[in-house]
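Chain and residue survey
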Amino acid sequence: MAVIHDTTLEPSKLDLLTSWLPSRPWYRGGAAGPELAKAGGFRLDDPRGEVGIEFIVATDTRGPRPTTYLVPLTYRGAPLEGAEHALVGTMEHGVLGRRWAYDGCQDAVLAGQLAALIEGRVQAQDQNLSNLPEREVIVTGTGDGSLPTDFTAADDQEGTALTTPQGTTLRVHRVLRPAPAGSTLPPQGVTAQVSGSWQMPDGTRVRGVFAVLRSVGRA
């Protein structure tokens, strides 16, 4: 299990995201940049204990209509070779030293653990406390056997698509929207989905879909 340290980060994760988000095609804000507030999230464990894996939910409160984003990140103790394009930034961790933060959708470790979550082989973990499952992250449906993990990530205006040569697509929703009350089953054409909750600026909690899986041969 990952150990969550109660320590300092310089710059903070939200500071890194404030600079990085406007470069993304799915960013909805203006040229002034976002004003981010933490709204929720969860973690997954790296089986080797080397890479931090966090799914951050952050809300841009600038402007009349807040926008909530899902940002999967990985934290590494050294640069990831060949992933310069996916670097979000570096931070100084009060215990672990320098950490390299990457867009997690471009990191094979995160993609593999997200697939394992959908398969039911791992459980989501609390964002802030060690060794505590995050019960509000729910997987509905399952993959067809063992999922391929040779994903290629591509961003578009709606989010990030992780696709395999076999045709399986795992789409990560970047702009989160509250789901209609009572909607729990995956929509037609979706093999499985990952959903969770987050806090709105007014303090209310809502649920929505974080990611959906579409497998080969499923219409």
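Parameters at a glance
Residues numbered from 1 in each chain as written. Predicted model: local features only at pLDDT ≥ 70, side-chain atom pairs only at ≥ 80, totals over all residues. Heavy atoms only, no water. Helix = DSSP H or I, 4+ residues; strand = E, 2+ residues; numbered from the N terminus. Rg over C-alpha atoms; globule rule 2.2 N^0.38 Å. Areas by Shrake-Rupley, 256 points an atom, 1.4 Å probe, with all protein chains shown as cover. Salt bridge = Lys/Arg side-chain N within 4 Å of Asp/Glu carboxyl O. Buried < 20%, exposed > 50% of the residue type's maximum accessible area, 1.4 Å probe, protein only. Core = buried A, V, L, I, M, F, W, Y, C linked by side-chain atoms within 4.5 Å. Contact = heavy atoms within 4.5 Å.

Things to note about the overall build of the chain
Per the secondary structure count, the chain includes 2 helices and 13 strands. Over its C-alpha atoms the chain spans a radius of gyration of 17 Å, differing by no more than 12% from the 17 Å that the globule rule assigns to 219 residues. Once the C-alpha set of the chain is aligned to its principal axes, its extents read approximately 45 × 45 × 30 Å. Approximately 10,900 Å² of the chain is accessible, and the part contributed by carbon and sulfur atoms is 50%.

Looking at the pattern of salt bridges
By the definition in use, this model includes 11 salt bridges. D107 serves as the salt-bridge partner of R76, at 2.9 Å between the closest nitrogen and oxygen. Of this pair, R76 sits in strand 4 (residues 67-76) while D107 sits in the loop between strand 6 (97-103) and helix 2 (108-119), and the two are 31 residues apart along the sequence. Summarising the burial analysis for this pair, R76 and D107 share the class buried. For E119, the salt bridge identified is with R121, shortest N-O distance 2.5 Å. Note on E119: relative accessible area 21%, which makes it partly exposed. Here the salt bridges share partners, and the residues they tie into one network are K13, R43 and E54.

Looking at the nonpolar core
Ranked by internal contacts, the top residues of the largest apolar core, which has 30 residues, are F42, F55, L117, L170 and F210. Elements with a contribution of two residues or more to this core: strand 2 (36-44), strand 3 (52-60), helix 2, strand 10 (169-173), strand 12 (192-199) and strand 13 (205-214). For this core, the element with the highest residue contribution is helix 2, accounting for 6 residues. Here F42 is in contact with I53, E54, F55, L117, A124, Q125, Q127, E134, V137 and F210, once residues within four sequence places are set aside. One finds L17, L21, I56 and V175 within the second-largest nonpolar core, a separate group that totals 17 residues.

A closer look at the side chain of H93
Within the element layout of this structure, H93 appears in strand 5 (residues 87-93). Note on H93: relative accessible area 15%, which makes it buried. In contact with H93, not counting residues within four places along its chain, are H5, T7, T8, L9 and R99.

Some words on unusual backbone geometry
One can expect most non-glycine residues to show negative phi and most peptide bonds to be in trans. Notably, N131 is not glycine yet its phi reads approximately 60°, a positive angle. Summarising the element assignment, N131 is placed in the loop between helix 2 and strand 7 (138-141).

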